[in-house]
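The residues making up each chain are set out below.
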Amino acid sequence: GEDVEQSLFLSVREGDSSVINCTYTDSSSTYLYWYKQEPGAGLQLLTYIFSNMDMKQDQRLTVLLNKKDKHLSLRIADTQTGDSAIYFCAESPASGGSYIPTFGRGTSLIVHP
Amino acid sequence: DTAVSQTPKYLVTQMGNDKSIKCEQNLGHDTMYWYKQDSKKFLKIMFSYNNKELIINETVPNRFSPKSPDKAHLNLHINSLELGDSAVYFCASSGIIAGVMETQYFGPGTRLLVL
């Protein structure tokens, strides 16, 4: 099975909050990331969290990590149409020569007026 | 200036042809990667190079041959293209952020369509 799982689609109304969820299996995950992919573009790092943190907030973005349940979430407050994109969760056990992140399949966020 | 650039952005070709995709990064990173993203958006690692040396080669057909002339460039050559090679190919490089944490920077992708 996959090491990182995400639901494929999320639809929200403009102005509402979006919550994108991710679960992972590797208990040695040290770094967890959220990437955003806009249509026709590459992946862009949105935010990240170390495994020794529970929460990280960055403007409209809040990342929550439940290490016990291996669950990561990304909350986008006041979601705008420009937030419509695919959001990838990724995890990596280490940095340096053995660093290769494992990506989920991505969650397509659709924001409608 | 673009941090990770790829050329071409679009590539349409016939089955059986040989083609190359070029990638350059100006971030001074030591490690570069090629990923394949299929039609369902699944992102799969193909190769990883560190300082011009191959360190990861996932189960990729040997029709795919990466070449790293220097640590700022990682090109991908594909021989005898097949229909199933149609996908978006992303180049990436990785470097340290926040002092300790490594993360990847992606190119804009090359959309390959094999007819």
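Relevant structure appears above.
Being a predicted model, the structure only gives us computed values, none of them experimental.

Mind showing me how you'd approach the layout of surface pockets here?
Gaps between atoms show up when a probe of the same size as a water molecule is rolled over them. Its boundaries defined by the atoms lining it, the largest pocket holds a volume of some 260 Å³. Thr102(A), Phe103(A), Phe42(B), Leu43(B) and Ile45(B) are, among the 14 residues lining the largest pocket, the residues nearest its centre. Breaking the lining of the largest pocket down by element, the ones donating at least two residues are strand E10 (102-103) of chain A together with strand E5 (43-50) of chain B. Considering every element that reaches the lining of the largest pocket, the biggest residue donor is E5(B), with three residues. In the lining of the largest pocket, the residues fall into nine nonpolar, one polar and four charged.

Explanation requested: the sheet that holds strand E7 (residues 64-70) of chain B in the structure shown.
All names here are of chain B. Read across the open sheet, the four strands follow the order E1-E3-E8-E7; overall the sheet is antiparallel. In the strand order of this sheet, the two ends are held by strand E1 (4-7) and E7, each with one partner. Between one strand and the next, the sheet's axes are offset by a mean angle of 20°, whatever the strand orientation. Bridging between E7 and strand E8 (residues 73-78) involves five bridges; their strand directions are antiparallel. Paired with aspartate 70 across the bridge in E8 is histidine 73.

Can you walk me through the interface of chain A and chain B in this structure?
By a widely used convention, the size of an interface equals the accessible area lost when the partners come together. With 23 residues of chain A at the contact, the number on the chain B side is 25 residues. Of the roughly 1900 Å² buried where chain A meets chain B, counting both sides, 64% is carbon and sulfur surface. The interface formed by chain A and chain B includes zero salt bridges. On the surface where chain A and chain B come into contact, there are four residue pairs in polar contact (both at pLDDT 80 or more). At the level of elements, strand E4 (31-37), strand E5 (43-50) and strand E9 (85-92) of chain A are the ones that each hand at least two residues to the side of chain A that touches chain B. A class-by-class count of the residues in the side of chain A that touches chain B yields 16 nonpolar, six polar and one charged.

Please explain a nonpolar patch on the surface as it appears in this structure.
Residues and elements named next belong to chain A. Taken together, the side chains of Leu8, Phe9 and Ile110 define a hydrophobic patch exposed on the protein surface, amounting to about 320 Å² of accessible area. With respect to the helices and strands, phenylalanine 9 occurs in strand E2 (residues 9-13). Residue phenylalanine 9 is classed as exposed on the basis of its relative accessible area of 59%.

Any chance you could explain the pairing of strand E3 (residues 19-25) of chain B here in plain terms?
Consecutive side chains along a regular strand alternate between the two faces of the sheet. All names here are of chain B. Examined bridge by bridge, E1 and E3 share four bridges and lie antiparallel to one another. Note that in E3 the partner of glutamine 6 across the bridge is cysteine 23. Two elements, E3 and E8, share four bridges in a ladder whose sense is antiparallel. If you follow isoleucine 21 over to E8, its bridge partner there is leucine 76.

Sorry, what's going on with the state of the cysteines here?
Scanning the model with the defined rule gives two disulfides over all chains in all. Disulfide pairing is shown between Cys22(A) and Cys89(A); the S-S distance is 2.0 Å. Here the disulfide of Cys22(A) and Cys89(A) is left-handed, its torsion about the S-S bond being about -70°. One end of the pair, Cys22(A), is in strand E3 (residues 18-24); the other, Cys89(A), is in strand E9, and 67 residues separate them in sequence. A single burial state applies to Cys22(A) and to Cys89(A), both of which are buried. Between the sulfur atoms of Cys23(B) and its disulfide partner Cys91(B) the distance amounts to 1.8 Å. The disulfide joining Cys23(B) to Cys91(B) has a torsion of about -75° about its S-S bond and is therefore left-handed. Residue Cys23(B) is located in strand E3, and its partner Cys91(B) is located in strand E9 (residues 87-97); the two are separated by 68 residues in the primary sequence.

Conventions used here
- Residues numbered from 1 in each chain as written.
- Chains lettered and ligands numbered in written order.
- Predicted model: local features only at pLDDT ≥ 70, side-chain atom pairs only at ≥ 80, totals over all residues.
- Heavy atoms only, no water.
- 1 Å grid on protein atoms, 1.4 Å probe; cavity = no way out; pocket = protein on both sides within 12 Å on 5 of 7 lines; lining within 4 Å.
- Points joined across faces, edges and corners; volume = space filled by probe spheres on them.
- Helix = DSSP H or I, 4+ residues; strand = E, 2+ residues; numbered from the N terminus.
- Nonpolar A, V, L, I, M, F, W, Y, C, P; charged D, E, K, R; others polar.
- Pairing = 2+ DSSP bridges.
- Axes fitted to C-alpha atoms, helices over the stretch in contact; angles between N-to-C directions.
- Contact = heavy atoms within 4.5 Å.
- Buried area = accessible area lost by both parts, 1.4 Å probe.
- Salt bridge = Lys/Arg side-chain N within 4 Å of Asp/Glu carboxyl O.
- Polar contact = N/O pair within 3.5 Å; in protein donor to acceptor, adjacent residues only side chain to side chain.
- Patch = residues over 30% accessible without salt bridge, like charges linked within 9 Å, V, L, I, M, F, W, Y side chains within 5 Å.
- Areas by Shrake-Rupley, 256 points an atom, 1.4 Å probe, with all protein chains shown as cover.
- Buried < 20%, exposed > 50% of the residue type's maximum accessible area, 1.4 Å probe, protein only.
- Disulfide = S-S within 2.5 Å.

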